[in-house]
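Here is how the chains run, residue by residue.
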Amino acid sequence: ELPLSVQFARCRAAHEALEASPPPLRPCAAQDAARSAAKALLALARGIERAALFSSNETIDEVATNDIKYLLVTPYVAAAYARLRADDGEGAAEAGAREGTGRSDGNHAREAPATGGFGGDRTPLLTESMRLHRSFVEQCDRLGVVPEESAAAARRGADDAADPATRRAEKIARHRRERATREALDALRARRRAREDADEEVDDGVREGEERELRLLELDAELHRSIEATRALGMELEMLQHARARGLTPGTGPAIPAGSPLPPWAIGDAQAASMAGGGGPGRGGGAPDAPPPDALTHSASALASAANDRERLRAGVFRPSHALPTMTLEEFAEQEVADMRRREEESKKAEAAREAIDLEREDHHDREQERLRKWDDWKDDNKRGSGNMRGRS
């Protein structure tokens, strides 16, 4: 079995790729990645439980710096469950049969139900995701890491009975806290990268302090995301409950006639189901119980490709109404300097040409004056009519 640190690094990479992927109910790769990530995270959670890294009567000061990151496994599992597609009737029945074997106390996560066809009720998945988020928030509260501005909302949970003005003020305070945490995280990571690039020597005490600060900032950021996710999941569960109260089955829709073309977002799932030996989405196709060894790597690559396609399509749709710049400020400055130098050269050449013309004009003027003086002198020496011997006019 791999060490917990190696498992956590792989699970964290899969979680980050999952968070950057399109929302659920789109490509089959996103569902495969969510299920693979959930299974890997559950295996990691069981390893953390066996190692007994945390106790119910300790504070954050008593937790080792290297162990703080393992507190993030619970909200990671909850995020993976929230992104899973709803199951069909057969998958839901299998989930209900297995639910009795799952533990519901503390931070222990139940096994996610097997993915079936399209549609179905997402209530079991959302309920388990919200339970895990609540468990993580309660654990942070016991450890003493919940800030004062978020304590009231953290203890109320999804059943938020506060008035709208109070909720709004608390949400603004949490947003400011989350933004400050994100800026502190970016600054700390940039400082560490710059020091590593410069091969700067750092004392072990300073390194330990920065590592603990980084872990606590990551824990604070994940805490506020869990608080918001708990409220969002509660609202979605409330909508599903209203749908059932009106006699509607959440996730169901009109059946697709045989032979009719599938919608574009279902083509990937249909191909995956046919490759797995199933009959297509909603027609009895199933997924293997366990992902292949390289499932996380393959899923992360598929999610990255899907995210790139999404960004490319977004760039083609959301175009600005104005002309975008064609060069950077540095390039524009270089172009302006080159134009200035060219204008200076042209100005110097023009000035030299004007001076040459002025000199030529002065020479011409001097020559003309000299000619006129000589002509005047000749006229003075030769009176008018002196050469006319016979008086001709």
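Definitions and limits used
- Residues numbered from 1 in each chain as written.
- Predicted model: local features only at pLDDT ≥ 70, side-chain atom pairs only at ≥ 80, totals over all residues.
- Heavy atoms only, no water.
- Helix = DSSP H or I, 4+ residues; strand = E, 2+ residues; numbered from the N terminus.
- Buried < 20%, exposed > 50% of the residue type's maximum accessible area, 1.4 Å probe, protein only.
- Contact = heavy atoms within 4.5 Å.
- Areas by Shrake-Rupley, 256 points an atom, 1.4 Å probe, with all protein chains shown as cover.
- Core = buried A, V, L, I, M, F, W, Y, C linked by side-chain atoms within 4.5 Å.
- 1 Å grid on protein atoms, 1.4 Å probe; cavity = no way out; pocket = protein on both sides within 12 Å on 5 of 7 lines; lining within 4 Å.
- Points joined across faces, edges and corners; volume = space filled by probe spheres on them.
- Nonpolar A, V, L, I, M, F, W, Y, C, P; charged D, E, K, R; others polar.
- pLDDT = per-residue confidence, 0-100.
- Axes fitted to C-alpha atoms, helices over the stretch in contact; angles between N-to-C directions.
- Left-handed = near helix turned anticlockwise from the far one by under 90°.
- Salt bridge = Lys/Arg side-chain N within 4 Å of Asp/Glu carboxyl O.
- Expected span 1.5 Å × (residues − 1).

### Considering the overall build of the protein chain
Regarding its fold elements, the protein chain presents 11 helices and 0 strands. Ordered by position in the sequence, the α and β elements of the protein chain form the string α-α-α-α-α-α-α-α-α-α-α. When the 393 residues of the protein chain are sorted by exposure, 33% land in the buried category. For the protein chain, the proportion of contacts with a sequence separation of at least 24, taken over those separated by at least 6, is 79%. Here the protein chain displays about 25,100 Å² of accessible surface, and carbon together with sulfur accounts for 53% of that area.

### Focus on helix α6 (residues 148-156)
Taken together, the buried positions of α6 are S150, A151, A153 and A154. The elements touched by buried residues of α6 are α5 (123-143), α7 (164-197) and α8 (204-245).

### Digging into the side chain of H224
Mapped onto the fold, H224 is located in helix α8. For H224, a relative accessible area of 2% translates into the label buried. The residues contacting H224, other than those within four sequence positions of it, are P147, S150, R174 and R177.

### Structural notes on the nonpolar core
In terms of nonpolar packing, the biggest core is built from 38 residues, with I60 and L219 touching the most fellow members. Filtering out sequence-adjacent residues up to four positions away, I60 remains in contact with I68, L71, L143, V145, R212, L216 and L219. Core analysis: the second largest hydrophobic core is formed by 5 residues, M130, L233, L237 and L240 among them.

### A closer look at the layout of surface pockets
Its boundaries defined by the atoms lining it, the largest pocket holds a volume of some 880 Å³. Residue lining of the largest pocket: 35 residues in total, with H15, E19, Y76, E222 and R225 positioned closest to the centre. Elements with a minimum of two residues in the lining of the largest pocket: α1 (4-19), α3 (73-82), α7 and α8. Here the element with the most residues in the lining of the largest pocket is α8; it accounts for 13 residues. Of the residues in the lining of the largest pocket, the class split is 13 nonpolar, 3 polar and 19 charged.

### Points about the confidence of the model for the protein chain
Per-residue confidence for the protein chain gives a mean pLDDT of 75; residues scoring 70 or more make up 69%. The spread of mean pLDDT over the elements of the protein chain runs between helix α4 (residues 89-99), the lowest at 36, and helix α11 (residues 329-381), the highest at 92. Across residues 262-291, where pLDDT falls below 50, the model places 34 contacts with residues more than four positions away in sequence or in other chains.

### Here we look at the packing of α5 against α8
α8 packs onto α5 with a crossing angle of 145° between their chain directions and a minimal axis gap of 9 Å. Read as a crossing pair, α5 and α8 show a hand that is left-handed. The residue makeup of the contact of α5 with α8, split by class, is 12 nonpolar, 7 polar and 4 charged.

### Regarding the pattern of salt bridges
Where charged atoms from two side chains of opposite charge come close, those side chains can pair. All chains considered together, the criterion is met by 18 salt bridges. The partner of E16 in a salt bridge is R12, and the shortest N-O contact between them spans 3.7 Å. Of this pair, E16 and R12 both sit in helix α1, 4 residues apart, which is roughly one turn of the helix. According to the relative accessible area criterion, E16 is partly exposed, its value standing at 48%.

### Describing α5
Taking 1.5 Å per residue as the helical rise, α5 with its 21 residues ought to reach 30 Å, and the 30 Å between its terminal C-alpha atoms agrees with that figure. Note on α5: the residue one or two positions beyond its end, G144, has a positive phi of about 85°.

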